[in-house]
Structure formats: C-alpha cells, structure tokens
Amino acid sequence: MKKLLVANRSEIALRVIRTAKEMGIETVAVYSEPDRRAPYVDQATEAYYNETYLNQDAILDIARRSGADAIHPGYGFLSESADFAAHVLERGLTWVGPRPQVLEDLGDKISARRVAH
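Residues numbered from 1 in each chain as written. Predicted model: local features only at pLDDT ≥ 70, side-chain atom pairs only at ≥ 80, totals over all residues. Heavy atoms only, no water.

A. Representation of the overall build of the chain within the structure. Of the regular secondary structure elements, the chain holds six helices and five strands. What you see for the chain is a C-alpha radius of gyration of 14 Å, in line with the 13 Å of a compact globule of 117 residues. Oriented by its inertia axes, the alpha-carbon framework of the chain measures out at about 45 × 25 × 25 Å. Counting across all 117 residues of the chain, residues that qualify as buried make up 44%. Taking the contacts inside the chain whose residues are at least 6 apart along the sequence as the reference set, 43% of them involve residues at least 24 apart. Summing over all exposed atoms, the chain offers an accessible surface of approximately 7000 Å²; the carbon and sulfur share of this is 49%. For the chain, the distance from the average position of its 15 positive side-chain charges to the average position of its 17 negative side-chain charges is 3 Å. (Helix = DSSP H or I, 4+ residues; strand = E, 2+ residues; numbered from the N terminus. Rg over C-alpha atoms; globule rule 2.2 N^0.38 Å. Buried < 20%, exposed > 50% of the residue type's maximum accessible area, 1.4 Å probe, protein only. Contact = heavy atoms within 4.5 Å. Areas by Shrake-Rupley, 256 points an atom, 1.4 Å probe, with all protein chains shown as cover. Lys, Arg positive; Asp, Glu negative; His and termini not counted. Charge placed at Lys NZ, Arg CZ, Asp CG, Glu CD.)

Printed below as a string of structure tokens:
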C-alpha cells in the first residue's frame, strides 16, 4: 500500500491519516465545503473536493485520479456497504476493512446469527 484514500471525514479521517503517515503511506482526503479547512484535510498528502461522502462512484473516481491504491471507508455507511467494498476490489484496489461477503453476512440479523453459531 503506497497511497490510501480515506473515504470519511472529521476525527476518524484524521486518525487514519496520522496512522498511515506514521507507516510511510501517502494519504488522500475527500472533503465537502464545510470541511474545506478541517484538520484532516490539511494533514492529508492530497485532498479532493466532493459534494458528498456517500457517492461511491465519485469516491472511486477520486481514487483513480489521485493514484490511490487502497481505500479506507472510515465508519458509517460506506464501511458497511458490501457493494462498495466489492467495487473497490473489482478495480484492483485494496479494501481496508472486512471482505464484502463478511459485510453481507453480518449485515443481516438472521445470517449474522447463523455465522455466530
């Protein structure tokens, strides 16, 4: 992993960016207008404007344009999306999180109980 796109904002993005930097990994932040001057944007190696954090196609396009070879979804909707994880992997990028099948299995209470048993 050489360049990590952090598909989240605020404190979690800042923590991931700091850790990646300590590991010698370049970072890409995604920000919307209210976060233009947020600490995580300043700390990232690169930052790209995007209207929303939830537009998966836009996030994948930023990964392509920035040359990121990995995506960390942070916490929240993207981190729980098996489809997004699968799209990241289909593009040959590293997904920093559970495999899509795990997200799918644990995202449903009935299948999660089956997995737990």
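From this point, things continue past the structure.
B. Broad picture of the environment of Arg 65. Turning to its location among the elements, Arg 65 is positioned in helix H3 (residues 56-66). Separated by 29 residues in the primary sequence, Arg 65 and Thr 94 have C-alpha atoms spaced 16 Å apart.

C. Spotlight on the pattern of salt bridges. Enumeration according to the criterion identifies seven salt bridges in this entry. Residues Glu 33 and Arg 36 are paired through a salt bridge, measuring 2.8 Å at the closest nitrogen-oxygen approach. Each member of the salt-bridge network shares a partner with another, and the members are Lys 3, Glu 26 and Glu 46. (Salt bridge = Lys/Arg side-chain N within 4 Å of Asp/Glu carboxyl O.)

D. Region of the structure containing the packing of aromatic side chains. With the rule as written, the count across this model stands at two aromatic pairs. The interplanar angle of 70 degrees and the centroid separation of 5.8 Å between the aromatic rings of Tyr 31 and Tyr 49 together place this pair among those described as edge-to-face. Here Tyr 31 is found in strand E2 (residues 26-31), whereas its partner Tyr 49 is found in strand E3 (residues 46-49), with 18 residues between them in sequence. The class of Tyr 49 is partly exposed, set by a relative accessible area of 38%. With 5.6 Å between their ring centres and 85 degrees between their planes, Phe 84 and Trp 95 make a pair best called edge-to-face. Of this pair, Phe 84 sits in helix H4 (residues 82-90) while Trp 95 sits in strand E5 (residues 94-95), placing them eleven residues apart in sequence. Judged on exposure class, the residue Phe 84 and its partner Trp 95 are both buried. (Phe/Tyr/Trp six-rings, centres within 6.5 Å; stacked < 30°, edge-to-face > 60°.)

E. Region of the structure containing unusual backbone geometry. At Ser 10, a residue that is not glycine, the phi angle is positive and equals roughly 65 degrees. Tracing the backbone shows Ser 10 in helix H1 (residues 10-22). A relative accessible area of 41% places Ser 10 in the partly exposed class.

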